[in-house]
Amino acid sequence: MKSDARVVVIGGGVVGASVLYHLTRAGWKDVLLIERGELTCGSTWHAAGGMHTLNGDPNVAKLQQYTINLYKELEKISGQSCGLHMPGGIMLAGTRERFDWLKMAKARGRYLGMELELISAEEAARVFPIIDKRHFVGALLDPIEGHVDPYGVTHAYAKAAQIGGAQVVRHTRVTDLKARGDGSWDVITEAGNVHAEHVVNAGGLWAREVGRMVGLELPVLAMQHQYLITEDLPALKGQKELLTCIDFEGEIYTRQERGGVLLGTYERAGVPWSPLQTPWDFTQSLLPEDLDRIAPSLEVGFQHFPALGEVGIRKVVNGPFTFAPDGNPLVGPVRGLRNFWVACGVMAGFSQGGGVGLALSQWMVEGDPGADVWAMDVARYGDWATLAYTNAKVRENYSRRFRIRFPNEELTAARPLRTTPVYERLQAEHAVFGDYCGLEHPLWFAPSAAEATEDVTFHRSSAHRHVAAECQAVREALGLLEISNYGKFEVTGPGTEEWLSYVMANRVPKVGRIALTPMLNERGKLIGDFTLCRLSAQRVFLICTYAAEEYYRRWFERHAPPPGVTVRPCAMEYVGLSVAGPRSRALLQGLVREDLSSAAFPFLSFRPLDVGMIPALVGRISFTGDLGYEIWVTTEYQRALYDLLVGAGAEQGLKLFGGRALNTMRIEKSFGTWAREYRPIYGPYEAGLGRFVDLQKGEFVGRAAALEERDSGGALRLVTFTVDASDADATGDEPIWHDGKVVGWVTSGAYGHSVRQSLALGYVPAALTSETSGFEIEIIGERRKALRQPVAVFDPDGTRMRA
Ligand SMILES: Cc1cc2nc3c(=O)[nH]c(=O)nc-3n(C[C@H](O)[C@H](O)[C@H](O)COP(=O)(O)OP(=O)(O)OC[C@H]3O[C@@H](n4cnc5c(N)ncnc54)[C@H](O)[C@@H]3O)c2cc1C
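In this report, the structure presented in the accompanying data block is examined. If you're wondering where the values come from, they're calculated on a predicted model, not measured in any experiment.

1. Notes on the nonpolar core
1) Next: Judged by nonpolar contacts, the single largest core of 111 residues is most densely connected at Leu 177, Phe 340, Phe 530, Leu 542, Tyr 552 and Phe 556.
2) Next: Apart from the residues lying within four places of it in its own chain, the contact partners of Phe 530 are Phe 489, Met 504, Ala 515, Leu 516, Thr 517, Met 519, Leu 542, Ile 543, Cys 544, Tyr 552 and Phe 556.
3) Next: By size, the runner-up hydrophobic cluster in this structure holds 42 residues, among which are Tyr 21, Leu 33, Cys 82 and Ala 158.

Now the structure itself:
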């Protein structure tokens, strides 16, 4: 084994091998993969090898598409067969709701260029003859589905990488990792040390243990997973290969395996494997079969697929593989650890391994993943994702693998975990809470405890009228919202302004003022939207998306401030309440000594004020787009602040409102938000944030690319639509049609209660910006007429928020 390498990839499963190949393809040849056993000896070797393109996140779906299309090329380069079978796939719907879900999946597939086809149960039985069609209402056909040979794929990646200059060392365990002062690593192995500039943790089943070598507790957990292979089915003899299949209601997947059928299931009572520590002697091993555990699924399986009950079982496989809490991979550089990268938690290695390898290699070589990988970025988890949290969420995710996740559905595992001081107060007011990074936050308020539940649905839910009342209160009188679920940073010290001016696209505001600003990467794409609140010459309070706090911290490490400037994350140190609506000024004016008139405390002011006895930071801004104030206090004051505002607000008709009403009102104002309208695939001009980019202020990250975008106008445009919807609104990811062609996609949608119209925000080609009509948005399989609105549908001139 060589003693120096630019990169050491730890782990020779399908993921590590893919990373190795993609690094060589990106031009890094001095790369070494170290594997403790044979290649594939972790979870890879016994996988069912199934692959498909559909994913809840369209950006992950794109990477899955990439993976599947890669296999032929890989076979050509390596000379190694991947055992590629592409019979196509069928997804069976056993209920109307599931059929609606399939309609939405088909719609989403349109802008990914997928050719999906909805068929009836009769047609399903014709193309997939082993089902009893009485159990199904319809199905979706996907021509790009199939399966591969796990051994073949992994070796094909490894061989192609070796052809590209990489080395692979087997039967050598990495036992420790030691960071050097210059950011490089000593990789300690059973066979000696390797000095590497970069280390990639592709440890699969042992990713957690490899993480622990560097003091990292990665949120991954292995689950036991079983599939069985039947004896040959006479009906398959001489026929073309069966489609791969997902039977959602049976929670079963199948594919043909030689003359028989492979049937796997994600049972509800899934069992974690080695929840605390993965044994190092588990090599090319399996777990004892436990058919009793999957018996309920098998019973359904034999009803839905009667032919399978007529033959014996040839083999049962029970093997472990890892998941992150949300089921998506964990990829990318890790904050606080220079040149340490992860590619783990990949639960669908044969659909995702290629995309993960591509994104990670580009990230390492180019400094940017080259795609929108937010949904699988390791930085989406923070310290709150502990071992026990991960255990609860992974089990929940596993048990729901084939269940519908409704757009208004809140999952229950690992809750409540994090609560703010007003949690019980809000609970007493019948708040229905949502979970955001483990933090409980109110979504809406019910008039009574009995009504504080919501039906989960693709249509307008039982919460609709309550949210309407909350919006009405804000627009006509006064609302109070808890706003603790934002990320916050405090930047202090001499050089604060210069550094912020360099990492943010807008100018740093004057003392006492607020500025909104995008944060751009070097490619000029949006990686954040911040509110900068200037408290003094050397102190700026930053408000941003809480879910992206780790992501931002990692970015701030990369663009580290000069000595003397401190960037301190303080998300949960400051919690907040916001009052909004035409009476909000009167309410607050009664509680502070200072003059809050528009002349003295205009829109976008920010100041420390005592609210009653409570020292607070008060900003005149509201995401509702109405007159409003955000009041930030350290945690111990929040309850007192709440009591004060609620008490004083009673006379003004104060009503509590939640995140749902806020979402509706921000869409009425065409305000975008992170991970929806703002993502690293859009530029600031495309997203309508051009007015917050100051190209005159001097150099800042992404300036050259932003300048180019301004001059070219960019390819896309974020636009607002009113939609001719009836009882279901767009929620995101629906295709936008124009003149009979899919031209874009929805990023957010909701019913606009103040304007009494269904609304959607979404991206369309810039060339269509001048069009207002001819658009349609596909909601649950139906194309609904949509009118592009040239300005926000509510208070387009912003007179209310500036009042
Ligand atoms: C029963 C079953 C069925 C499945 N079916 C499918 C399917 O149909 N489709 C699909 O896409 N996926 C399927 N999977 C999941 C799939 O197996 C995983 O997504 C995939 O194997 C993950 O690959 P990996 O490289 O991340 O992990 P692993 O395969 O676990 O590889 C990690 C490697 O790292 C090595 N390693 C770890 N630590 C060290 C160290 N310290 N030093 C040296 N080497 C180390 C290990 O020995 C191992 O070889 C299935 C899994 C199971 C269990």
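2. Side note on the site of the ligand
1) Next: Taken together, the neighbourhood of the ligand is formed by 39 residues, with Glu 35, Arg 36, Thr 44, Gly 50 and Val 346 sitting nearest.
2) Next: The contact in question runs from an oxygen atom of the ligand to an N or O atom on the side chain of Glu 35, over 2.7 Å.
3) Next: Measuring from an oxygen atom of the ligand, one finds a backbone N or O atom of Leu 205 at 3.2 Å.
4) Next: In the complex, the protein chains occlude 98% of the 990 Å² of accessible area that the ligand would expose alone.
5) Next: When contributions to the shell around the ligand are tallied by element, the ones reaching two or more residues are helix H1 (14–25), strand S12 (221–230), strand S17 (313–323) and helix H9 (349–366).
6) Next: Classifying every residue of the shell around the ligand by side-chain character gives 20 nonpolar, 16 polar and 3 charged.

3. Things to note about the sheet that holds strand S34 (residues 735–738)
Strand pairing within a sheet occurs via backbone hydrogen bonds; the two strands may be parallel or antiparallel.
1) Next: Spatial ordering of the closed barrel is given by S33-S36-S35-S34-S37-S38, a layout of 6 strands whose pairing is antiparallel. In this sheet, neighbouring strand axes are inclined to one another by 45° on average, regardless of whether the strands run parallel or antiparallel.
2) Next: Across 4 bridges, the pairing between S34 and strand S35 (residues 741–752) is antiparallel. Looking at S35, one finds that Pro 735 is bridged to Trp 745.
3) Next: Strand contacts of helix H3 (residues 96–111): S34, S35 and strand S37 (775–779), with the helix running at about 65° to S34, the strand carrying the most contacts.

4. Topic: the pairing of S17
1) Next: With 8 of its 11 residues buried, S17 lies for the most part within the structure.
2) Next: Summarising the sheet, S12 and S17 pair through 10 bridges and their orientation is antiparallel. When the sheet's bridge partners are listed, Leu 221 is paired in S17 with Phe 323.

5. Regarding the sheet that holds strand S26 (residues 539–545)
1) Next: One open sheet accounts for 5 strands, arranged S24-S25-S26-S23-S27; its pairing is antiparallel. The outermost strands of the open sheet, each flanked by one partner alone, are strand S24 (514–520) and strand S27 (566–569). Adjacent strand axes in the sheet meet at a mean angle of 25°, parallel and antiparallel pairs treated alike.
2) Next: Contacting strand S23 (486–492), S24, strand S25 (526–536), S26 and S27, helix H13 (residues 496–503) crosses the sheet at an angle of about 135° to S23.
3) Next: Those strands touched by helix H14 (residues 549–558) are S23, S24, S25, S26 and S27, and its axis lies near 80° from that of S25.

6. Some remarks on the pairing of strand S14 (residues 252–257)
Looking down a regular strand, the side chains alternate between one sheet face and the other.
1) Next: Here S14 lies mainly inside the structure; 5 of its 6 residues are buried.
2) Next: Summarising the sheet, strand S13 (residues 244–247) and S14 pair through 3 bridges and their orientation is antiparallel. Of the residues in S14, the one forming a bridge with Asp 247 is Ile 252.
3) Next: The turn linking S13 back onto S14 is made up of 4 residues, and Glu 251 within it adopts a positive phi angle of 55°.
4) Next: In sequence, S14 turns back onto strand S15 (residues 260–265) through a hairpin of 2 residues, with Arg 258 there showing a positive phi of about 50°.

7. Considerations on the packing of helix H12 (residues 464–476) against helix H17 (residues 659–668)
1) Next: Put simply, H12 and H17 touch, their axes get as near as 9 Å, and they point 60° apart. Classified by the angle between their axes, H12 and H17 sit oblique to one another. Where H12 crosses over H17, the two elements pack in a sense that is right-handed. Across from Val 467, Glu 470, Cys 471, Val 474 and Arg 475 in H12, the residues of H17 making contact are Arg 660, Ala 661, Thr 664, Met 665 and Glu 668.
2) Next: Along the lines of polarity and charge, the residues of the contact of H12 with H17 split into 5 nonpolar, 1 polar and 4 charged.

8. Focus on the packing of H1 against helix H5 (residues 150–163)
Each pair of packed helices can be summarised by the angle the axes make with each other and by the distance between the axes.
1) Next: Between H1 and H5, the least distance of the axes is 8 Å, while the angle of their chain directions is 25°. Here H5 runs roughly parallel to H1, going by the angle between their axes. Relative to H5, H1 is oriented so that their crossing is left-handed. Between H1 and H5, the residues in contact are Val 14, Ala 17, Ser 18, Leu 20, Tyr 21, His 22 and Thr 24 and Val 153, Thr 154, Tyr 157, Ala 158, Ala 160 and Ala 161, respectively.
2) Next: Along the lines of polarity and charge, the residues of the contact of H1 with H5 split into 9 nonpolar, 4 polar and no charged.

9. Concerning the side chain of Thr 44
1) Next: One can find Thr 44 in the loop between strand S2 (31–34) and strand S3 (50–51).
2) Next: Owing to a relative accessible area of 7%, Thr 44 belongs among the buried residues under this scheme.
3) Next: From its side chain, Thr 44 meets the backbone nitrogen of Val 14 in a polar contact 3.2 Å long.
4) Next: The residues touching Thr 44, leaving out its near neighbours within four places in the chain, are Gly 13, Val 14, Pro 150, Thr 154 and Phe 350.

So, how was this worked out
- Residue indices begin from 1 for each chain and proceed along its sequence in written order.
- In keeping with the model being predicted, local features are shown solely for residues with a pLDDT of at least 70 and side-chain atom pairs are shown and tallied solely at 80 or more, while totals for entire chains, interfaces and linings include all residues.
- The basis for every side-chain value is the complete set of non-hydrogen atoms in the structure, without hydrogens or water.
- Working definition of a nonpolar core: buried Ala, Val, Leu, Ile, Met, Phe, Trp, Tyr and Cys residues. They are joined through side-chain atoms within 4.5 Å.
- Buried residues are those whose accessible area, probed at 1.4 Å on protein chains only, stays under 20% of the maximum for their type, while exposed residues exceed 50% and partly exposed ones sit between those limits.
- For this analysis, residues touch if any pair of their heavy atoms sits within 4.5 Å.
- We call a residue near a molecule or strand when any one of its heavy atoms sits within 4 Å of it.
- A 3.5 Å cut-off defines polar contacts: any pair of N or O atoms within that distance qualifies, except that in protein one atom must be a possible hydrogen donor and the other a possible acceptor, and neighbouring residues in sequence count only when both atoms are side-chain atoms.
- We get accessible surface area from the Shrake-Rupley algorithm with a probe of 1.4 Å; when it comes to residues, only the shown protein chains can shield them.
- Secondary structure is summarised from DSSP: a helix means a run of H or I of at least four residues, a strand means a run of E of at least two, and numbering begins at the N terminus for each.
- Gly is put with the polar residues, along with every residue not named as nonpolar or charged; the nonpolar set is Ala, Val, Leu, Ile, Met, Phe, Trp, Tyr, Cys and Pro, and the charged set is Asp, Glu, Lys and Arg.
- Two strands qualify as a pair provided that DSSP identifies no fewer than 2 bridges between them.
- The convention used is that axes are lines fitted to C-alpha atoms, helices contributing only their stretch in contact, and that angles between N-to-C directions extend from 0 to 180 degrees.
- Under this scheme an angle from 65 to 115 degrees is roughly perpendicular, one under 35 degrees roughly parallel, and one over 145 degrees roughly antiparallel; angles in between are oblique.
- By definition, any crossing whose near helix is turned counterclockwise from its far helix by less than a right angle is left-handed, and any crossing with a clockwise turn is right-handed.

Purely spatial values, then, with no claim about function.
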